[in-house]
Amino acid sequence: MFIEDSHLADHPNWVNVLLAWYDQHKRDFPWRRKIDVYHTWICEVMSQQTTMAVVVPRFERFVATLPDVTSLADCSEDLLRELWSGLGYYARARNLRNGARYIVTERGGHFPANYEQWLTVPGVGPYTASVIASICAREAKACVDGNVIRVVARLAGFSSTEVWSELGKKSIQGIADRFIDHDRPGDFNQAMMELGATLCQKQSPGCGRCPIKTVCRASQLGIVAQCPPNKPRKQTEFVELDALRVSSPAAGGNEQYLLVARKRGFLSETVGFPLFPETDRSSLHTWLKENVHVRSVQISSEEPSHTITNHRISVRVVDVELFEGADLSSEFVRHFSQRFAESVTDCRWVSKSLTKKTVASSLDRKIWENIALF
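Okay, so let's go over this structure. (Residues numbered from 1 in each chain as written. Predicted model: local features only at pLDDT ≥ 70, side-chain atom pairs only at ≥ 80, totals over all residues. Heavy atoms only, no water.)

### Observations regarding the pattern of salt bridges
Under the counting rule described, the total for this entry stands at 20 salt bridges. Note that Arg245 is salt-bridged to Asp319, the shortest N-O span being 2.8 Å. Note that Arg245 is positioned in strand β1 (residues 237–249) and Asp319 in strand β7 (residues 311–322), a separation of 74 residues in sequence. Each of Glu77, Asp78, Arg81, Arg94, Arg97, Asp346 and Arg348 takes part in salt bridges that share partners, so that together they form one network. (Salt bridge = Lys/Arg side-chain N within 4 Å of Asp/Glu carboxyl O. Helix = DSSP H or I, 4+ residues; strand = E, 2+ residues; numbered from the N terminus.)

What follows is the structure in structure tokens.
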């Protein structure tokens, strides 16, 4: 498949018109006020699959707390989790820190100078490398995200679902590479994304205010709504999980809850309540009922649900109460971490007042909601 772009070549001034529009109408984001490699990297990773309204305040707090690559490399797990709270996809934060540690240890704290060097940084793929290299090193590397796919598909008048195939994405990439402004590559990339985010939106596009409407084939043909067509949806998969709310009495009558760092599943590398697939249910409950530290095991009436990508998750909450005693609590954690070493790590007791703040995901907060009322 090849997406036709010859009519764009017949109107070469469209890039200058787009850049002039961007200069006048671009949104005022903190990372745009001054080019800073560290800030560009952080904001780019944060903004993936996240709205700017959510990103901006968290970005400002993040860079105020971790102002440079060294502080990010040295950041503790708890602080990183706290700073990333609300952004979702926590693995992105871990990848950022891994990348920072690589830059500090392998590059002496010096950022990569170009696209190819950025690709050597853990967690950095072609898209992120293109964004950083084009903005910070003025390298003519076009970046293609969902906004750019939509803009190019409309400019080319392409309404086939093939646009979402690997070949279709390569064709979109080829067009972006062909027309990127070599004097202002970073601004070109940002202008294309800005246009897609603010005017050339999926729903109710502002075609009347589009600076390059005259070269938009979809507009000329009256097929803007069909360009590109909806991305083929993956079939929904239903998943059942057991979530353990393990409580233990603490000094002063306060309860504490067991939280773990998960090693597998949808929420791997995040901290929250222990989660187990339905296939582990029988062995899990047998182990709990036979454990001498456990006072009671009760299935809660709560059944929170959650959706992650194309997976619809149904959760059965299991309340596990331990006998009182600090030694017993420690022994339970030791036995639990040994028995379920393939699923969890970093088992810890957290006071009731800090549990909601400590858990990382919205699913964990749903699990916590009702118990926190008492």
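### Thoughts on the pairing of β7
Bridge count between β1 and β7: 11 bridges; the pairing is parallel. Residue Leu241 lies in a different strand from β7, and its bridge partner there is Val315. With 5 bridges connecting them, strand β5 (residues 294–299) and β7 associate as antiparallel partners. The residue bridging Val294 from the neighbouring strand is Leu322, located in β7. Where strand β6 (residues 305–308) lies against β7, 4 bridges are found, and the strand directions are antiparallel. From the neighbouring strand, Ile308 faces β7, where its bridge partner is His311. The hairpin formed by β6 and β7 contains 2 residues between the paired strands, and Thr309 there has a positive phi angle of roughly 50°. (Pairing = 2+ DSSP bridges.)

### Section: the side chain of Arg348
Considering the arrangement of structural elements, one finds Arg348 in strand β8 (residues 344–351). A distance of 2.9 Å separates the side chain of Arg348 from the side chain of Asp78, its partner in a polar contact. In this structure, Arg348 is in contact with Asp78, Arg81, Tyr257, Leu258 and Leu259, ignoring residues within four places of it in sequence. (Polar contact = N/O pair within 3.5 Å; in protein donor to acceptor, adjacent residues only side chain to side chain. Contact = heavy atoms within 4.5 Å.)

### Some details on the nonpolar core
Buried together is how nonpolar side chains tend to be arranged in soluble globular proteins. Counting 39 residues, the largest nonpolar core has Trp14, Leu18, Leu155, Met192 and Leu195 as the members making the most contacts within it. Broken down by secondary-structure element, the contributors of at least two residues to this core are α2 (14–25), α9 (126–136), α10 (146–156), α11 (166–179) and α12 (185–198). Beyond its immediate stretch of four places on either side in the chain, Met192 contacts Trp14, Leu18, Val148, Val151 and Val152. Residues Phe29, Leu80, Trp84 and Val121 belong to the second largest nonpolar core, which totals 34 residues. (Core = buried A, V, L, I, M, F, W, Y, C linked by side-chain atoms within 4.5 Å. Buried < 20%, exposed > 50% of the residue type's maximum accessible area, 1.4 Å probe, protein only.)

### Quick look at unusual backbone geometry
Between Cys227 and the following residue, Pro228, the backbone shows a cis peptide bond with an omega angle of -15°. Of note in this structure, Arg138 is not a glycine but carries a positive phi near 55°. Relative to the elements of secondary structure, Arg138 occurs in the loop between α9 and α10. Take Arg138: its relative accessible area is 56%, and that puts it in the exposed class. The residue Ser204 is not glycine, and still its phi comes out positive at about 50°. Tracing the chain through its elements places Ser204 in the loop between α12 and α13 (217–221). On the basis of relative accessibility, which here comes to 67%, the residue Ser204 falls in the exposed class.

### A closer look at the packing of helix α3 (residues 37–46) against helix α4 (residues 52–65)
Their axes nearest at 10 Å, the elements α3 and α4 cross at an angle of 140°. Comparing the axis directions of α3 and α4 gives the class oblique. As α3 runs across α4, the sense of the crossing is right-handed. Of the residues in α4, those in contact with Tyr38, His39, Ile42, Cys43 and Met46 of α3 are Val55, Arg58, Phe59, Phe62 and Val63. Split by residue class, the contact of α3 with α4 holds 8 nonpolar, 1 polar and 1 charged. (Axes fitted to C-alpha atoms, helices over the stretch in contact; angles between N-to-C directions. Parallel < 35°, antiparallel > 145°, perpendicular 65-115°, else oblique. Left-handed = near helix turned anticlockwise from the far one by under 90°. Nonpolar A, V, L, I, M, F, W, Y, C, P; charged D, E, K, R; others polar.)

### Re α12
For α12, which comprises 14 residues, the first-to-last C-alpha distance of 20 Å matches the rise-based estimate of 20 Å (1.5 Å per residue) to within 8%. Counting buried residues in α12 gives 11 out of 14 residues, a clear majority hidden from the surface. Regarding α12, the residues found buried are Pro185, Gly186, Phe188, Asn189, Gln190, Ala191, Met192, Met193, Glu194, Leu195 and Gly196. Buried-residue contacts for α12 involve α2, α9, α10 and α11. (Expected span 1.5 Å × (residues − 1).)

### Topic: the packing of aromatic side chains
Following the criterion strictly, the structure yields 17 aromatic pairs and no others. Ring pairing ties together the aromatic residues Phe276, Trp287, Phe332, Phe336 and Phe340, which thus form one cluster. The aromatic ring of Tyr115 is capped on one face by Lys141, whose charged end is 4.5 Å from the ring centroid. (Phe/Tyr/Trp six-rings, centres within 6.5 Å; stacked < 30°, edge-to-face > 60°. Lys NZ or Arg CZ within 6 Å of the ring centre and 35° of its normal.)

### Brief notes about the packing of α9 against α12
With their axes 6 Å apart at the nearest point, α9 and α12 run at an angle of 125° to one another. Taken as axis vectors, α9 and α12 run oblique relative to one another. Of the two possible hands of crossing, α9 and α12 adopt the one that is left-handed. Taken together, the residues of α12 that come into contact with α9 (itself represented by Tyr127, Ser130, Ser134 and Ile135) are Pro185, Gly186, Asn189, Gln190 and Met193.

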